Amino acid sequence: MGTYFWETFNFLTVPPGNLVYHLVLVFSIGGALQGAFMHWRISEFPQARRTVVGLSILLLLQIGLFLVSGLIWQGVVDSNVLLPILDRTVMLVSSIWLIWLWAFPEPSRPSDAASILLTLFTVAGAALNIVERQGSPTAPFNGSPADVIWQVFSLGVLAIGLVILLVRRPNGWGNGFAFLCLGFIGHLLHVLFNGAQGDYAGTSRLTYLMAYPLLLTLPQRFPVQTRTVTVRQVNAEMPERRRYSTDPKTFHSLLSLAGEVNTDKVSQAITRAVAQTMLADLCFLLFLTDDRSQIIIPSGYDLIREEKLDGASILPNTIPMVASALQRGRALRLPASSTSGDVRGLSDLLGLSNPGHLLFVPILTAERQSLGGLLLLSPYSNRLWSAEDQSFLANISGALAPIIQRSQQLATLEDKSLQAAQEIEEERAKAAELQKKNQELARQLEEALKQVEKYQETAENLAAMTTLQNEAQRIIAQLQAENEELRKAAQGLPATKAPDASYIERELRLTLEEVARLQNQLAEANIKILELEKQKGSPRASEQAEIIASISQELRQPMSSIIGYTDLLLGESVGILGALQRKFVERIKASTERIRSLIDDLIQITTIESGLSELKPEAVDLNLVIDNAVAYTSSQIREKNITMHLDLPKSIAPIQADREALQQILIHLLQNAGAATPMEGTITLRVQTRNDGGQEYVMIQVSDTGGGIPAEDLPRVFSRLYRADNVLIQGIGDTGVGLSIAKTLTEAQHGRIWVESEPGVGATFSVLLPVSRPAASVSAQEA
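What counts, and where the lines are drawn
Residue positions are given per chain, counted from 1 along the sequence in the order it is written. Residues qualify for local features only when their pLDDT is at least 70, as the model is predicted, and side-chain atom pairs are given and counted only at 80 or more; totals for whole chains, interfaces and linings, by contrast, use all residues. In computing side-chain values, all of the structure's heavy atoms are included and hydrogens and water are not. Secondary structure counts use DSSP, requiring at least four H or I residues in a row for a helix and at least two E residues in a row for a strand, with both numbered from the N terminus. The buried label applies to any residue whose accessible area, calculated with a 1.4 Å probe on protein chains only, is under 20% of its type's maximum; exposed applies above 50%, and partly exposed to all values in between. Between the first and last residue of a helix there are one fewer steps than residues, each counted as 1.5 Å, and that sum is the expected span. As used in this structure description, the phrase polar contact means that two N or O atoms lie within 3.5 Å; if the pair is within protein, one of them must be able to donate a hydrogen and the other to accept it, and residues adjacent in sequence are counted only when both atoms belong to side chains. Geometry of aromatic contacts follows a simple scheme: Phe, Tyr and Trp rings, the Trp one being its six-membered ring, pair when their centres are within 6.5 Å, and the pair is stacked under 30 degrees between planes, edge-to-face over 60, tilted otherwise. Salt-bridge detection follows one rule: a side-chain nitrogen of Lys or Arg within 4 Å of a carboxyl oxygen of Asp or Glu. Pairs of residues are marked as contacts when any of their non-hydrogen atoms sit within 4.5 Å. In this analysis an axis means a line fitted to C-alpha atoms, helices contributing only their contacting stretch, and an angle means the value between N-to-C directions, from 0 to 180 degrees. Angles are sorted into four bins: roughly parallel if under 35 degrees, roughly antiparallel if over 145, roughly perpendicular if 65 to 115, and oblique for all others. For this scheme, ten residues count as nonpolar: Ala, Val, Leu, Ile, Met, Phe, Trp, Tyr, Cys and Pro. Four count as charged, namely Asp, Glu, Lys and Arg, and the remainder, Gly too, count as polar. DSSP calls a pair of strands paired once it identifies at least 2 bridges connecting them.

Below, the discussion takes up unusual backbone geometry. Backbone phi values are negative for most residues with the exception of glycine, while trans is the configuration of most peptide bonds. Phi at Asn382 takes a positive value of approximately 55°, unusual for a residue other than glycine. Secondary-structure assignment places Asn382 in the loop between β7 (370–377) and α13 (387–491). What makes Asn382 partly exposed here is its relative accessible area of 46%. In this model, Asn641 sits at a positive phi of 55°, which is unusual for a non-glycine residue. Position of Asn641 relative to the elements: it lies in the loop between α18 (634–639) and β9 (643–647).

Here you go:
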């Protein structure tokens, strides 16, 4: 290297340049320590407390080195032996604790133990090096074997630190990576180019002089709420965000919590009330088991989706800091750190990429005994919890302690009552078993008595049996004598009168053949029956219709979820939408509602064709049906600024019809009219009653201003598949399914539907239904 570079490097190794080096390092560490201490006082994060500890260690090391350097400068201590070794020791120990600060912001026992062991190992190596240095105190330390060992060991430690930062990637790891890279470069340049001049590593000091100001960014890795006072203007455009709820729902939730006596619902009521009061995205209630082996989460509540969350149980080592706070009854606040074990455990449990900032407050009794705890998370709003939030939640948790104690007492009483009920059931089972054994013994005794009676009857019948046996033997002997006489008589007959054996054999053969033929016919009939039974098992249309209807019903659930989430986005509960974003979300909602309407049409047409849907006539108030249909289609009509005229009689008597079918007919006609009518058009709904030959009818007419339907297209208006096989029909806004359903439902109620069109003006759909008054109404009119 040139003389200029040597002079630059040596400037930091001799007075007064080394004084500048020490002052820059001390002031950098002191400024970072002051920022970390203020951060800790405001946030009370364990990461901030850990940062204060690490920076304090670094400051003590630098101050100690600075004081020793001052003593050597004054000639009190021999610089040739102690100071070079102490300088390398402070550099290496500082590197170890800097890696500890940057790579492990959360409490970690393995990293703490490794840092302490490496520090002790470094101090032991320095002591050995000092003893060895006593033999040659005047030789330059740079380039010596001990210096090479110190530099190689420092390079190894810094390389390991760089790898750990790349793997863990904690918050603010980029600045730490740059710090360690500068230190690594300084030690590497010292090994390669410093030669054997001087006692101090000038290149290393220069790179550390550039790196240590990066420590000022260390306290800023985690967010903190600053306590600033702002002056509000009179006409403020943006209102201040509410930190606590004043919604009436919160008041009702607290009332329901106070009056809840069901032990299973107390935890649900608590999480819901706390989430609504604190405006927390997620709220969970935590309990620790008696043996402290598991953390029980009986219930949770999602404020954004307004739904309860199922309970679970987790191991304490999954969320170690929360578990420790729960055991000791202390509050805890954690930022959304990428290396926090608690954040990672909650992410796995909830299925969230980032559960947000964390606030935990224990529920303590008046005797300061921990009953459980409340856990708040902010994955959607990313809200940072403050000391004020912690204090407010602590007051709430204190009020919840009596409710939880009451719930636990009720649970204990319920367990005892259940145990007593089980004992009663066991005693009843034992009594039933004894009764069953008694009945079995009685049955066996009754059978034994019957056996005794049977034996007695047997003894009485032995004598009669003996008499009958003698009589049978006498009859057999008499038959044998008669048979012998007949045989003798047959021997005396002529040969021509003997029976014809061949005739008997022929008749027997014919009989056997007839039996065989009948068996073959029976077998053929059985085969035909089996074939008919196989043909009978083919699938039927109604089964297919049931499958289609079932699949369509399953499609309703995801469609409802999509509509719910779009409503959540439009309500801006999870963030403010831009104009273009709102337009896109509104289009998604309109298309989803259209798909849901088509699914409803599919279910209805399938059930109608297969006969799965049966009409149920009942007394129907036509005014109520019209109100429901108009309300159902009001959004479609309002979007196009359409004017609707109603022409209804002053009073319409109830009619006997199927309520759902009649409402579906009117909805499909209004939907078709709304789709066919242009912007700011007009729709007319007219209802009339008629009497023809003693039969009353009601006629419903829906007129639009959609320009009318061509005459050649009128015959296929009610055809269900006209859009699949033909071009679109002018003046029709329906897909064809809705009008087909209206026609099917009208004819199913013995009615008639038709369409009249006026070219250039619009179309009028008319439905004529017979009115069948209820029996009570008819008898009243006859009277």
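The terminal C-alpha atoms of helix α19 (residues 659–676), which comprises 18 residues, lie 26 Å apart, in line with the 26 Å expected from a rise of 1.5 Å per residue. By the criterion of burial, α19 is predominantly enclosed, with 15 of the 18 residues buried. Between a side-chain oxygen at the N-terminus of α19 and the backbone nitrogen of Glu660 the separation is 3.3 Å; the capping residue is Asp658.

Turning to the packing of aromatic side chains, a few remarks are in order. Under the definition given, this model contains eight aromatic pairs. Taking 6.0 Å as the distance between ring centres and 70° as the angle between the ring planes, the aromatic pair formed by Phe37 and Trp40 counts as edge-to-face. Pair noted here: Phe37 and Trp40 are both in helix α2 (residues 17–43), with a separation of three residues, about one helical turn. According to the relative accessible area criterion, Trp40 is partly exposed, its value standing at 28%. Ring geometry for Phe179 versus Tyr212: centroids 5.2 Å apart, planes at 70°, classification edge-to-face. Linking Phe179 in helix α7 (residues 173–193) with Tyr212 in the loop between α8 (202–211) and α9 (248–258), this pair joins segments that are 33 residues apart in sequence. For the pair shown, Phe179 and Tyr212 are each scored as buried. An aromatic cluster is built from Phe179, Tyr208 and Tyr212, whose rings are joined through pairwise contacts.

Oppositely charged side chains are able to pair whenever their charged atoms sit close together. Evaluation of the coordinates by the stated rule reveals twelve salt bridges. Between Asp112 and Arg50 there is a salt bridge; the shortest N-O distance is 2.7 Å. Here Arg50 lies in helix α3 (residues 46–73) and Asp112 lies in helix α5 (residues 109–133), a separation of 62 residues in the sequence. The class for Arg50 is buried, based on a relative accessible area of 8%. Notably, a salt bridge pairs Arg305 with Asp302, separated by 2.9 Å at the nearest N-O pair. A residue is classified by how much of its surface remains accessible, and Arg305, at 35% relative accessible area, is partly exposed.

Tracing the sequence through the fold places Thr764 in strand β14 (residues 762–770). Within the structure, the side chain of Thr764 is placed 2.9 Å from the side chain of Ser703, a separation counted as a polar contact. Those residues in contact with Thr764 that sit more than four places away from it in its chain are Gln701, Val702, Ser703, Trp754, Val755 and Glu756.

Taken N-terminus to C-terminus, the directions of helix α4 (residues 82–103) and helix α6 (residues 145–168) make an angle of 5°; their axes are 10 Å apart at the nearest point. The angle between the axes of α4 and α6 places the two elements in the roughly parallel class. In contact with Ile85, Arg88, Thr89, Leu92, Ser95, Ile96, Ile99, Trp102 and Ala103 of α4, α6 contributes Asp147, Trp150, Gln151, Phe153, Ser154, Val157, Leu158, Gly161, Ile164, Leu165 and Arg168. Taken together, the residues of the contact of α4 with α6 break down into twelve nonpolar, five polar and three charged.

Before going further, it helps to examine helix α12 (residues 341–350). Turning to α12, its buried residues number three or more, namely Asp342, Val343, Gly345, Leu346 and Ser347. Gly351 sits one or two positions beyond α12 and adopts a positive phi of about 70°.

With that settled, consider the sheet that holds β9. What the five strands build is an open sheet, ordered β9-β11-β12-β14-β13; its pairing is mixed. What marks the edges here is a single partner per strand, and that holds for β9 and β13 (752–758). For this sheet, the mean inter-axis angle between neighbouring strands, taken without regard to orientation, is 15°. Direction of pairing for strand β12 (residues 695–703) relative to β14: antiparallel, over a ladder of seven bridges. Looking at the pairing, Gln701 lines up with Ser766 of β14. Docked against the sheet, helix α17 (residues 622–632) engages β9, β11 (682–692) and β12, running at close to 160° with respect to β11. Sheet contacts for α19: β9, β11, β12, β13 and β14; angle to β12, the most-contacted strand, approximately 25°.

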